[in-house]
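Close look at the chain arrangement
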Amino acid sequence: MSARSRCFLRVSSFILYEQRPRAERMLATRALRFVGQRALSTSVCLRGGHGVAKVEDYSLPAYFDRREIPLPEIKYVQELSSVQQSLKEKEKGSWTALSVDEKVALYRISFKESFAEMNKATGEWKSVVAGILFFLGFTGVVVLWQRKYVYGELPHTFDPEYKEKEIQRMLDMRINPIEGFSAKWDYENKAWKK
Amino acid sequence: MSLPKPVMRGLLGKRLRFHLPIAFTLSLLAAVSFKVITEPRKQAYADFYKNYDAMKEFSAMREAGVFESVRPTGE
């Protein structure tokens, strides 16, 4: 590539991805010409003692497969193979000359997933439900273990005899005699009303 | 792409035609439920106090021993 021979400045040691298409030795100013093809290297170019800020990866245009970004800022395939290159040349001519497979290949150069592929249901909900049920079960195990090994005896106020005395005292006090508790008790016959 | 022209008129009327019957029904339901719940309750209270002898009830409670100010007769 002729660009490689153009700039002979310092190579950076911060290259993150092997697929960086353009050379490390490119001038920052020249590199800006290729913004659309993600050609900016992550290197620092020094010139005359001044530094140019390192271009971070996340500040470059990125490719996203999203419904709300139907046309991403960059093409998916950055480095075209020779076959793809020739296909791109053919694309400059009449499109009726392209076969269906070639059109699909051109699509796949520009995009990673089709809309149908990217919107496909994932079945993640099954994992979510499985996780929910699992942790519910685990909670149940913890509760049962607690009941057996942690909790002490019930207080004496839970004994049936004590409960009977409690009920009798409530009836004696005429708790809710109109529509509630004592209303259901027949005081004449000393039994619950039918 | 040729999208159909959106509806421009009659929006309030459409909304009213949908929501007003629902509103009326629900309000009516609320009023009826109110009556159905409160009338029997008022009647129950009236029936209870129609032949309520306070002194008899008090004596019965006293004998049962629930009071602290008066003990059952005989103690």
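The shown structure was predicted, so the numbers you read here are calculated from the model rather than taken from an experiment.

This brings us to the overall build of chain A. Across its full length, chain A carries seven helices and four strands. The burial tally for chain A puts 20% of its 194 residues in the buried class. In chain A, 35% of the contacts between residues at least 6 apart in sequence involve partners at least 24 apart. Put simply, chain A shows about 15,200 Å² of open surface, and 59% of that area lies on carbon and sulfur atoms.

This next bit is on unusual backbone geometry. Backbone geometry places A:Asn176, a non-glycine residue, at a positive phi of 50°. Here A:Asn176 is to be found in the loop between α7 (160-172) and β3 (185-186).

Enumeration over the complete set of coordinates arrives at ten aromatic pairs over all chains. Taking 5.1 Å as the distance between ring centres and 35° as the angle between the ring planes, the aromatic pair formed by B:Phe48 and B:Tyr52 counts as tilted. A centroid spacing of 5.4 Å and a plane angle of 80° characterise the contact between B:Tyr49 and B:Tyr52, whose relative ring orientation is edge-to-face. A connected cluster of aromatic rings, assembled from ring pairs, spans A:Phe181, A:Trp185 and A:Trp192. The positively charged end of A:Lys163 is found above the aromatic ring belonging to A:Phe158, 5.4 Å away from the centroid. The positively charged end of A:Arg174 is found above the aromatic ring belonging to A:Tyr187, 4.3 Å away from the centroid.

Let us look at a nonpolar patch on the surface. Residues and elements named next belong to chain A. Taken together, the side chains of Trp125, Val128, Val129, Ile132, Leu133 and Leu136 present a nonpolar region at the surface, about 610 Å² in accessible area. Among the secondary structure elements, Trp125 is positioned in helix α6 (residues 124-149). A relative accessible area of 56% places Trp125 in the exposed class.

In this section: the pattern of salt bridges. All names here are of chain A. For the structure on display, the rule yields eleven salt bridges over all chains. Ionic pairing is found between Lys88 and Glu91, a salt bridge with its closest N-O pair at 3.4 Å. One end of the pair, Lys88, and the other, Glu91, are both in helix α3 (residues 82-91), three residues apart, so they sit about a helical turn from each other. Note on Glu91: relative accessible area 25%, which makes it partly exposed. Glu117 is the salt-bridge partner of Arg108, the closest N and O atoms lying 2.8 Å from each other. Overall, the relative accessible area of 29% leaves Glu117 in the partly exposed class.

The next point concerns the UniProt feature "transmembrane region" (unreviewed entry) in chain A. As recorded in UniProt, the sites labelled "transmembrane region" (unreviewed entry) are residues 128-145 of chain A. The distance separating the terminal C-alpha atoms of residues 128-145 of chain A is 26 Å; by composition the span is 100% helix and 0% strand.

Turning to the interface of chain B and chain A, a few remarks are in order. Listed as interface residues are eleven residues of chain B and, on the opposing side, seven residues of chain A. When the two sides are added together, the surface that chain B and chain A hide from each other amounts to roughly 820 Å², 63% of it contributed by carbon and sulfur. It is B:Phe48, B:Met61 and B:Val66 in chain B that bury the most area against chain A; as a group they hold 47% of the surface buried on that side. Linking chain B with chain A are two salt bridges, by the criterion used here. Its salt-bridge partner being A:Arg174, residue B:Glu57 comes within 2.9 Å of it at the nearest N-O pair.

Let us now look at the confidence of the model for chain A. Residues and elements named next belong to chain A. On average, residues of chain A carry a pLDDT of 82, and 75% of them reach 70 or more. Segment residues 3-21 is flagged for pLDDT under 50; beyond a separation of four residues in sequence, or across chains, it makes 41 contacts in the model. Across residues 31-42, confidence stays below pLDDT 50; counting only partners more than four residues off in sequence or on other chains, it has 38 contacts.

All names here are of chain A. Leu106, Ile109 and Ser110 are the residues of helix α4 (residues 100-110) that are buried. End-on view of α4: buried residues confined to an arc of 90°, all on one side of the axis. Of the exposed residues in α4, the ones pointing more than 90 degrees away from its buried face are Val100 and Asp101. Against the buried residues of α4 lie α3.

Criteria and cut-off values
Residues numbered from 1 in each chain as written. Chains lettered and ligands numbered in written order. Predicted model: local features only at pLDDT ≥ 70, side-chain atom pairs only at ≥ 80, totals over all residues. Heavy atoms only, no water. Helix = DSSP H or I, 4+ residues; strand = E, 2+ residues; numbered from the N terminus. Buried < 20%, exposed > 50% of the residue type's maximum accessible area, 1.4 Å probe, protein only. Contact = heavy atoms within 4.5 Å. Areas by Shrake-Rupley, 256 points an atom, 1.4 Å probe, with all protein chains shown as cover. Phe/Tyr/Trp six-rings, centres within 6.5 Å; stacked < 30°, edge-to-face > 60°. Lys NZ or Arg CZ within 6 Å of the ring centre and 35° of its normal. Patch = residues over 30% accessible without salt bridge, like charges linked within 9 Å, V, L, I, M, F, W, Y side chains within 5 Å. Salt bridge = Lys/Arg side-chain N within 4 Å of Asp/Glu carboxyl O. UniProt positions renumbered as here; feature names shortened; annotations may be inferred. Buried area = accessible area lost by both parts, 1.4 Å probe. pLDDT = per-residue confidence, 0-100. Arc of directions from axis to C-beta.

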